[in-house]
Amino acid sequence: MAIITNRRKLIAGLGSSMLLAGCDSWSRSDRVKNVLASAEGLTMRAQRLITDRNALAREFTLADLSPRFRANGSRTAETAQGADYQTMLANNFADYRLQVDGLVRRPLSLSLADLRAMPSRTQITRHDCVEGWSAIGQWTGTPLSRILDLAGLRDSANYIVFHCADTLGRANRPYYESIDLIDAFHPQTILAYDMNGEQLPERHGAPLRARIERQLGYKHAKFVMRLEAVESFDAIHGGKGGYWEDVGNYAWYAGI
Ligand SMILES: Nc1nc2c(c(=O)[nH]1)N[C@H]1C(S)=C(S)[C@@H](COP(=O)(O)O)O[C@H]1N2
Ligand SMILES: [Mo]
């Protein structure tokens, strides 16, 4: 990508006002600066110079809803690790608790009623799977920022890891994903419990799935059981920050 190889020239070519404007929102916390120092930060910086990562993804109207929204990857969680999932499903998730832990001041255990009592956001967006299909759906859920504010991130937290109930592949590896704090606090990043005006169906990740609208489909973790705030994801599963990043060589940063 010319932007990366020719980054110095590019920066020289940009007006200083534009760089300053970018820096304001960019430097909202030291944690974000840590990301900039990493190798992944290079790609992120390059994209940042062209697009504003805080910008909203396009939103659509009810008339645009896809008549059929394909379910992809795991359609349920029924492996050994997800044994509890079937029990919870049978009970319409009355016993479900979202665990929030790691580098937080106040670890949380939230029921669906707790989540539904919190402020919500509804958005109609287009889901883009890396395999080449897209679908427009309506999502309602709790902004991740609200949950993180409630838990109180510690200064050392750089990423939020989504731990899921399902496993994939012959090796039965747990599905998981991670995002940085720019995406975590993006206004359209929500933990959705409703889809198209109804309770999130099992195949789409009931009872709770992530919507991270500025990223490709595989980042949108379904069957979310636990949020973990971490400094680094090096020590988690395969160390690359997500299931497909570990086994499929997909990029950790899948910005769109
Ligand atoms: N837990 C979990 N989350 C997941 C997956 C999965 O297999 N397990 N597949 C991902 C992929 S590749 C896509 S495209 C979307 C599909 O979401 P959908 O089933 O609602 O279409 O979920 C993502 N999140
Ligand atoms: Mo996907």
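Look above for the structure.
Cut-offs used in this document
- Here, residues in each chain are numbered from 1, in the same order as that chain's written sequence.
- Chain labels run from A onward and ligand labels from 1 onward, assigned in the order the entries are written.
- Totals for whole chains, interfaces and linings use all residues, but because this is a predicted model, local features are given only for residues with pLDDT of at least 70 and pairs of side-chain atoms are given and counted only at 80 or more.
- Note that water and hydrogens are dropped before the side-chain values are worked out from all heavy atoms of the structure.
- Helix numbers and strand numbers start at the N terminus; a helix is a DSSP run of H or I with at least 4 residues, a strand a run of E with at least 2.
- Exposed residues in this analysis have more than 50% of their type's maximum accessible area, buried residues have under 20%, and partly exposed residues fall in between, with area computed by a 1.4 Å probe over protein chains only.
- By the convention used here, residues are in contact when the closest approach between their heavy atoms is within 4.5 Å.
- All accessibility values rest on the Shrake-Rupley procedure with a 1.4 Å probe; residue burial counts only the protein chains present in the view.
- Any residue with a non-hydrogen atom lying within 4 Å of a molecule or strand is treated as near it.
- Here a polar contact is taken to be a pair of N or O atoms separated by no more than 3.5 Å, where protein atoms must pair a possible hydrogen donor with a possible acceptor and residues adjacent in sequence count only if both atoms sit in side chains.
- Charged means Asp, Glu, Lys or Arg here, nonpolar means Ala, Val, Leu, Ile, Met, Phe, Trp, Tyr, Cys or Pro, and polar covers whatever is left, Gly included.
- The nonpolar core is taken to be a set of buried Ala, Val, Leu, Ile, Met, Phe, Trp, Tyr and Cys residues, with the residues joined through side-chain atoms within 4.5 Å.
- Pairing of aromatic side chains here covers Phe, Tyr and the six-membered ring of Trp, requires ring centres within 6.5 Å, and sorts the geometry by plane angle: under 30 degrees stacked, over 60 edge-to-face, intermediate tilted.
- Directions from the helix axis toward the C-beta atoms define the arc.
- What makes two strands pair is DSSP finding at least two bridges between them.
- Between N-to-C directions, angles span 0 to 180 degrees; the directions come from axes that are lines fitted to C-alpha atoms, helices contributing only their stretch in contact.
- Cavity and pocket criteria rest on a 1 Å grid covering protein atoms alone: a 1.4 Å probe that fits but cannot get out defines a cavity, protein on both sides within 12 Å along at least 5 of 7 lines defines an open pocket, and an atom within 4 Å of a point defines a lining residue.
- Grid points are joined across faces, edges and corners, and a volume is the space filled by probe spheres set on the points.

Colleague: Would you mind going over the overall build of the chain in detail, with residue names and values included?
Modeller: Along its length, the chain carries ten helices and ten strands. A burial count over the chain gives 50% of its 256 residues as buried. The contacts of the chain with a sequence gap of at least 6 include a subset with a gap of at least 24, amounting to 69%. When the accessible surface of the chain is summed, it comes to about 12,200 Å², and 50% of that surface belongs to carbon and sulfur atoms.

Colleague: Could you give me a rundown of the site of ligand 1, with the residues and numbers involved?
Modeller: Around ligand 1 there are 22 residues in total, and Arg 70, Asn 72, Asp 166, His 204 and Lys 222 lie nearest to it. For ligand 1, an oxygen atom lies 2.6 Å from a polar atom in the backbone of Arg 70. When residues in the shell around ligand 1 are grouped by element, the largest group, three residues, is from strand E5 (residues 159-168). Each residue belonging to the shell around ligand 1 can be placed in one class, and the counts come to ten nonpolar, seven polar and five charged.

Colleague: With reference to specific residues and values, describe the nonpolar core.
Modeller: Grouped together as the largest cluster of nonpolar side chains are 44 residues, with contacts concentrated most on Leu 98, Leu 115, Ile 147, Ile 160, Phe 162, Leu 191 and Leu 227. Ranked by residues supplied to this core, first place goes to E5 with five residues. Those residues in contact with Ile 147, other than ones at most four positions away along the chain, are Leu 98, Val 100, Leu 108, Leu 110, Leu 115, Met 118, Thr 142, Leu 191 and Leu 227.

Colleague: Explain the packing of aromatic side chains to me, using residue names and the numbers behind them.
Modeller: Taken as a whole, this structure holds twelve aromatic pairs when the rule is applied. Seen in terms of ring centroids, Phe 69 and Trp 133 are 6.3 Å apart; in terms of plane orientation they differ by 85°. Their pairing is edge-to-face. Of the two residues, Phe 69 is situated in the loop between helix H5 (39-50) and helix H6 (83-90) and Trp 133 in the loop between strand E3 (121-128) and strand E4 (134-143); the sequence distance between them amounts to 64 residues. Between Phe 233 and Trp 252 the ring centres are 5.5 Å apart and the planes differ by 35°, which places this aromatic pair in the tilted class. Placement of the pair is Phe 233 in the loop between strand E10 (224-230) and helix H10 (243-247) and Trp 252 in the segment after H10, with a sequence separation of 19 residues.

Colleague: Before we move on, can you summarise unusual backbone geometry with the specific residues and values?
Modeller: Residue Pro 207 follows Ala 206 across a cis peptide bond; omega there is 5°. Relative to the helices and strands, Pro 207 is located in the loop between strand E8 (198-199) and strand E9 (209-211). Within the chain, Asn 92 stands out as a residue other than glycine whose phi angle is a positive 50°. Relative to the helices and strands, Asn 92 resides in the loop between H6 and strand E1 (98-102). Not every positive phi belongs to a glycine, and His 237 is a case in point at roughly 45°. Within the fold, His 237 resides in the loop between E10 and H10.

Colleague: Just give me the short version of helix H8 (residues 144-151), but keep the residues and values in it.
Modeller: Among the residues making up H8, those that are buried are Leu 144, Ser 145, Ile 147, Leu 148 and Ala 151. For H8, the angular spread of buried residues about the axis comes to 160°, placing them on one side. In the stretch just after H8, Gly 152 is the one whose phi turns positive, near 70°.

Colleague: I'd love a proper account of the sheet that holds E10, names of residues and values included.
Modeller: A sheet is described by the order of its strands in space; here five strands give the open sequence E2-E1-E10-E5-E6, paired in mixed fashion. Both outer strands of the open sheet, strand E2 (108-110) and strand E6 (173-180), are each paired with one neighbouring strand and no more. Strand after strand, the sheet turns through a mean of 20° between neighbouring axes, direction not considered. Sheet contacts for H8: E1, E2, E5, E6 and E10; angle to E2, the most-contacted strand, approximately 135°.

Colleague: Any details on the side chain of Glu 245? Residues and values, ideally.
Modeller: In this structure, Glu 245 sits in helix H10. Apart from residues lying up to four places away in sequence, Glu 245 is in contact with Glu 177, Tyr 218, Lys 219, Lys 240, Tyr 250, Ala 251 and Trp 252.

Colleague: Give me the pairing of E4: which residues, what numbers.
Modeller: Of all the ten residues making up E4, nine are buried; the element is thus mostly covered by neighbouring parts of the structure. With eight bridges connecting them, E3 and E4 associate as antiparallel partners. Bridge pairing in E4 places Gln 123 opposite Trp 139. Count of turn residues in the E3/E4 antiparallel hairpin: five residues, of which Gly 132 carries a positive phi of about 105°. Relative to strand E7 (residues 190-195), E4 runs antiparallel, the two sharing five bridges. When the bridges of E7 are listed, Thr 140 appears paired with Asp 194.

Colleague: Report on the layout of surface pockets, specifying residues and quantitative values.
Modeller: Volume-wise, the largest pocket comes out at about 340 Å³. Around the largest pocket, the lining is made up of 24 residues, and of these Asn 72, Gly 73, Tyr 175, Gly 217 and Tyr 218 lie nearest the centre. Class assignment for the residues of the lining of the largest pocket results in twelve nonpolar, seven polar and five charged.

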